[in-house]
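# A closer look at the structure
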Amino acid sequence: MKRMLTGLQPTGEITLGNYIGAIRQMVEYQEKYDSFIFVADMHAITIEQDPAELKKNIRNLLAIYLACGIDKDKNTIFLQSENVYHANLSWMLECLTPYGELTRMTQFKDKSQKHKSFSSGLLTYPVLMASDILIYDTDLVPVGQDQKQHVELARNIADRVNKKYNKELFTMPDALIGTNSKKIMDLIDPTHKMSKSSENKNGVIFLLDSDEDIRKKIMRATTDSDMSIKFDPDNKPGISNLINIYSALSNLSVSEVEEKFKDSNYGTFKASVAELVIDTLRPIKEKYEMYQNSSKIDEILDNGLNVTSKIAREKYELLKQTMGLTR
Ligand code: ATP
Ligand code: LTN
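Our subject in this report is the structure included herewith. (Residues numbered from 1 in each chain as written. Chains lettered and ligands numbered in written order. Predicted model: local features only at pLDDT ≥ 70, side-chain atom pairs only at ≥ 80, totals over all residues. Heavy atoms only, no water.)

### Overview of the overall build of the protein
Of regular secondary structure, the protein possesses 13 helices and five strands. Taking 20 Å as the expected radius of gyration for a compact globule of 327 residues, we find that the protein reaches 21 Å, a close match to that expectation. With the C-alpha coordinates aligned to their principal axes, the bounding extent of the protein is approximately 75 × 45 × 40 Å. Residues counted as buried form 50% of the 327 residues belonging to the protein. (Helix = DSSP H or I, 4+ residues; strand = E, 2+ residues; numbered from the N terminus. Rg over C-alpha atoms; globule rule 2.2 N^0.38 Å. Buried < 20%, exposed > 50% of the residue type's maximum accessible area, 1.4 Å probe, protein only.)

Written as structure tokens, this is what we have:
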């Protein structure tokens with residue numbers, strides 16, 4: 001069985017974009033692959049985090065995973081910072097990665113421009129991601145388009161290190177980009193991705209938003225004055241985004257959604273999108289409450305640490321020996 005690994009950063013409340021673009025795929029893939037799912041908390045600290053807030057976000061993300069249907073019996077679920085081998089392997093890989101390769105990463109260029117001052121971790125973060133992936137001999141890495149370049153870097157590192165030491169040290173991973181994985185845009189500014197860390201929360205649907213808030217946000221979503229429900233991301237980004245959301249949650253194709261609402265006005269269409277989002281999120285919210293307050297999370301993490309630290313330690317020792325870090 002192929003091994004799959006992926007994780008989200010606990011950098012804030014989980015959005016509908018994270019759900020449609022990432023979590024739903026994880027739930028689907030858990031049936032097919034030997035699946036490793038983690039909370040990328042070491043990645044989160046590349047940007048400054050309030051410690052109490054980070055702690056809360058870590059637990060919330062774990063409860064969200066479970067509430068969305070990630071099954072503890074079908075996945076190895078763990079917290080990245082508890083498994084110390086990730087960062088140790090990452091250091092060795094950093095020393096095997098040219099600086100220029102990291103400054104060329106699109107996400108680094110974007111994020112380093114956005115923040116006045118930023119940590120060196122923001123630059124080296126893709127190597128830690130490569131370490132997360134390579135340490136388990138991962139075959140498949142489900143990610144959104146924005147992370148594809150980082151998986152490519154992990155492949156480059158694996159290939160270079162294997163060649164350098166003339167050994168099959170690492171398995172070559174492949175990015176897995178879902179065919180119907182859609183990029184969900186901000187409701188207020190539909191030319192930008194819906195993002196946990198957006199300033200204006202009115203453009204973002206959080207999985208735990210109240211029904212009323214969801215309705216308000218969708219009814220106030222930016223649209224155009226053309227009044228036709230047509231998918232045209234360049235000229236009608238707002239309506240196209242709502243069509244994408246409806247399509248993703250109803251499993252209807254974009255053209256089936258256009259057909260279904262061809263005689264509707266924007267108000268009716270928006271109300272239907274809102275109701276579908278509310279119906280989708282209702283059971284998730286109910287389960288979330290149950291998991292958040294249970295000791296299940298701790299049991300799951302203890303087991304995850306146990307399983308992953310054995311595998312990770314072996315890979316770490318192997319590279320350590322190979323590089324001559326030994327007495
Ligand atoms: P941040 O604001 O902290 O950058 P984010 O909401 O952009 O967070 P990430 O933690 O970077 O989310 O991404 C987690 C996963 O969710 C990734 O696989 C990413 O591709 C996916 N994802 C994030 N936002 C969206 C979106 N708007 N549409 C579809 N997929 C998304
Ligand atoms: N960088 C990813 C989170 C992440 C990840 C990984 C995803 C960290 N390590 C390993 C897949 C595999 C993000 O920001 N979404």
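### Some thoughts on the site of ligand 1
What surrounds ligand 1 is a group of 17 residues, the closest being Ile184, Lys193, Ser195, Lys196 and Ser197. Separating an oxygen atom of ligand 1 from a side-chain N or O atom of threonine 11 is a distance of 3.0 Å. Note that a nitrogen atom of ligand 1 is positioned 2.7 Å from one of the backbone N or O atoms of isoleucine 184. Here ligand 1 loses 92% of its free accessible area of 600 Å² to cover by the protein chains. In terms of residue count, the dominant contributor to the shell around ligand 1 is helix α1 (residues 16–29) (four residues). Of the residues contributing to the shell around ligand 1, the split by class is four nonpolar, seven polar and six charged. (Near = heavy atom within 4 Å. Polar contact = N/O pair within 3.5 Å; in protein donor to acceptor, adjacent residues only side chain to side chain. Areas by Shrake-Rupley, 256 points an atom, 1.4 Å probe, with all protein chains shown as cover. Nonpolar A, V, L, I, M, F, W, Y, C, P; charged D, E, K, R; others polar.)

### Brief notes about empty space enclosed by the protein
Where empty space is left becomes clear once a probe the size of a water molecule has been rolled over the atoms. By the definition in use, this model includes one cavity of 30 Å³ or more. The computed volume of the largest cavity comes to approximately 70 Å³. Taken together, Gln9, Thr46, Met105, Gln107, Phe108, Lys111, Leu122, Tyr125, Pro126 and His150 form the lining of the largest cavity. For the lining of the largest cavity, the secondary structure elements donating two or more residues are α6 (106–114) and α7 (120–134). Along the lines of polarity and charge, the residues of the lining of the largest cavity split into five nonpolar, four polar and one charged. (1 Å grid on protein atoms, 1.4 Å probe; cavity = no way out; pocket = protein on both sides within 12 Å on 5 of 7 lines; lining within 4 Å. Points joined across faces, edges and corners; volume = space filled by probe spheres on them.)

### Description of the site of ligand 2
The environment of ligand 2 is formed by 14 residues, the closest being Gln9, Tyr125, Met129, Asp132 and Gln147. Interatomic distance of 3.5 Å between a side-chain N/O atom of histidine 43 and a nitrogen atom of ligand 2. A distance of 2.6 Å separates a nitrogen atom of ligand 2 from a polar atom in the side chain of tyrosine 125. Expressed as a share of its isolated accessible area of 370 Å², the protein-covered part of ligand 2 is 90%. Elements represented by at least two residues in the shell around ligand 2 include exactly β1 (3–8) and α7. Here the element with the most residues in the shell around ligand 2 is α7; it accounts for four residues.

### Some points on helix α4 (residues 85–94)
Buried within α4 we find Tyr85, His86, Leu89, Ser90, Met92 and Leu93. Buried positions in α4, seen along its axis, are confined to an arc of 160 degrees and lie on one side of it. Packed against the buried residues of α4 are β3 (75–79), α7, α8 (148–165) and α13 (296–323). (Arc of directions from axis to C-beta. Contact = heavy atoms within 4.5 Å.)

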